[in-house]
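Examining the three-dimensional arrangement
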Amino acid sequence: MEVIWYLDRGAALVAYPALYLSVLTGILYTARSFGPLYRFSRRVHIEVSVFAMLMTLLHGVLGVLDTWFIVTGSAPQPAYSTTYLLAGVVVGVGALQVLVVAVLGFLDAQRFERPWGPRVIHAFAYGGFVFATIHAVAIGTDVAGLIRPVFGPAIAFLGYVLLLRLLVASGRLSTPDPTRQ
């Protein structure tokens, strides 16, 4: 049963940075003002997003299996209470559901009553990332020491890039034209 825990944690430790990169490249995907970052995002966003979703699905399946082993007594109880564990699982399942809906909307927009545009799909994806962040901070006991020095600044950076992109898109902030000298 211990191998399931290690595989679950490994999948989580790969899935979250992949989700982060998916969100970052998604923010930059249509922002020409970011120059080389825009071009890089155009090349890798979809592949990074697919990889992130696959790793998230793997983590979700392994996490549910690991939780089942803990609840049934087949695996040892974690250092925190079962209530806390189950709350983390519920938040994780919420993240997974929102991300799956976003992926289904991307893969087959006709699946739902009306075709979904990129804004709706990305709203779900951002919501899933928020849930995933809460889940990572709440239940990621082996990365607890990284929450303040890494998670905080990383999330602040995403917020900064998103705000900068929104300001440029709205015309409230202008960027120099790289073609003019």
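Higher on the page you've got the structure.
Conventions adopted
Residues numbered from 1 in each chain as written. Predicted model: local features only at pLDDT ≥ 70, side-chain atom pairs only at ≥ 80, totals over all residues. Heavy atoms only, no water. Helix = DSSP H or I, 4+ residues; strand = E, 2+ residues; numbered from the N terminus. Buried < 20%, exposed > 50% of the residue type's maximum accessible area, 1.4 Å probe, protein only. Contact = heavy atoms within 4.5 Å. Phe/Tyr/Trp six-rings, centres within 6.5 Å; stacked < 30°, edge-to-face > 60°.

1. Quick look at the side chain of serine 41
Within the element layout of this structure, serine 41 appears in helix α2 (residues 36-72). Of the residues examined, serine 41 reaches a relative accessible area of 1% and is grouped as buried. Setting aside its immediate chain neighbours within four residues, serine 41 contacts Thr25, Leu28 and Tyr29.

2. Let's talk about the packing of aromatic side chains
This model, assessed by the stated rule, comprises four aromatic pairs. Relative to phenylalanine 129, the ring of tyrosine 16 has its centre 5.4 Å away and its plane inclined at 20 degrees; by these criteria the two rings are stacked. Here tyrosine 16 is found in helix α1 (residues 2-28), whereas its partner phenylalanine 129 is found in helix α4 (residues 118-139), with 113 residues between them in sequence. Of the two residues, tyrosine 16 and phenylalanine 129, neither departs from the other in class, the shared state being buried. Between tyrosine 16 and phenylalanine 151, the aromatic rings sit 5.2 Å apart at their centres with planes inclined by 40 degrees, giving tilted as the arrangement. With a gap of 135 residues between them, tyrosine 16 in helix α1 and phenylalanine 151 in helix α5 (residues 147-170) connect regions that are remote in the sequence. Comparing tyrosine 16 with phenylalanine 151, the two get one shared label, buried.

That is the geometry; function is a separate question.
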